[in-house]
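Observations on the model geometry
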Amino acid sequence: MFFDDFVRVRAGVKTDRGGNQVPDWSAGAVSRLTVTDVNVQPNTQVETADPTRTVVVTGWRVQSAPGTAPDVRAVDRIEWRGLLLEVEGEVAEWSDPTDGSPHHIEFTMQRATG
């Protein structure tokens, strides 16, 4: 069931003109981490049309294998099957009920086109 993998992409940090620390998504600034042993399932698909364009939002639910808690955060992006996706909302860490250690994580990721 946990046969999928993806690459977690995390922004670096740069200083903007105002002296603020902001995310840096440039190729040389990001860090990548290959995450294995996850289950990825379709979650949502919504299509919205207006006279100028059609927007399609597609989402997937991701669950890591029992006993794993990969380093994924709400601000990360995910490369999966040739797509660049955004983590939607917070990453939930589930605790093992017997000892409180991390059992697995779950999150949703999505892609919007249009």
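As the structure is a computational prediction, the values presented were derived from the model and not from experiment.

Turning our eyes to something else, we now look at the environment of V57. Positionally, V57 belongs in strand β5 (residues 54-64). Judged by relative accessible area, which is 25%, V57 ranks as partly exposed. Spatially, the C-alpha atom of V57 lies 6.5 Å from that of E47, the residues being 10 residues apart in sequence. Once residues within four sequence positions are removed from consideration, V57 is found in contact with T44, Q45, V46, Q110, R111 and A112.

Relative to the helices and strands, E106 resides in strand β8 (residues 102-113). A distance of 2.9 Å separates the side chain of E106 from the side chain of H104, its partner in a polar contact. The residues touching E106, leaving out its near neighbours within four places in the chain, are R61, V62, Q63, E90, V91, A92 and W94.

Rules used in this analysis
- Residues numbered from 1 in each chain as written.
- Predicted model: local features only at pLDDT ≥ 70, side-chain atom pairs only at ≥ 80, totals over all residues.
- Heavy atoms only, no water.
- Helix = DSSP H or I, 4+ residues; strand = E, 2+ residues; numbered from the N terminus.
- Buried < 20%, exposed > 50% of the residue type's maximum accessible area, 1.4 Å probe, protein only.
- Contact = heavy atoms within 4.5 Å.
- Polar contact = N/O pair within 3.5 Å; in protein donor to acceptor, adjacent residues only side chain to side chain.

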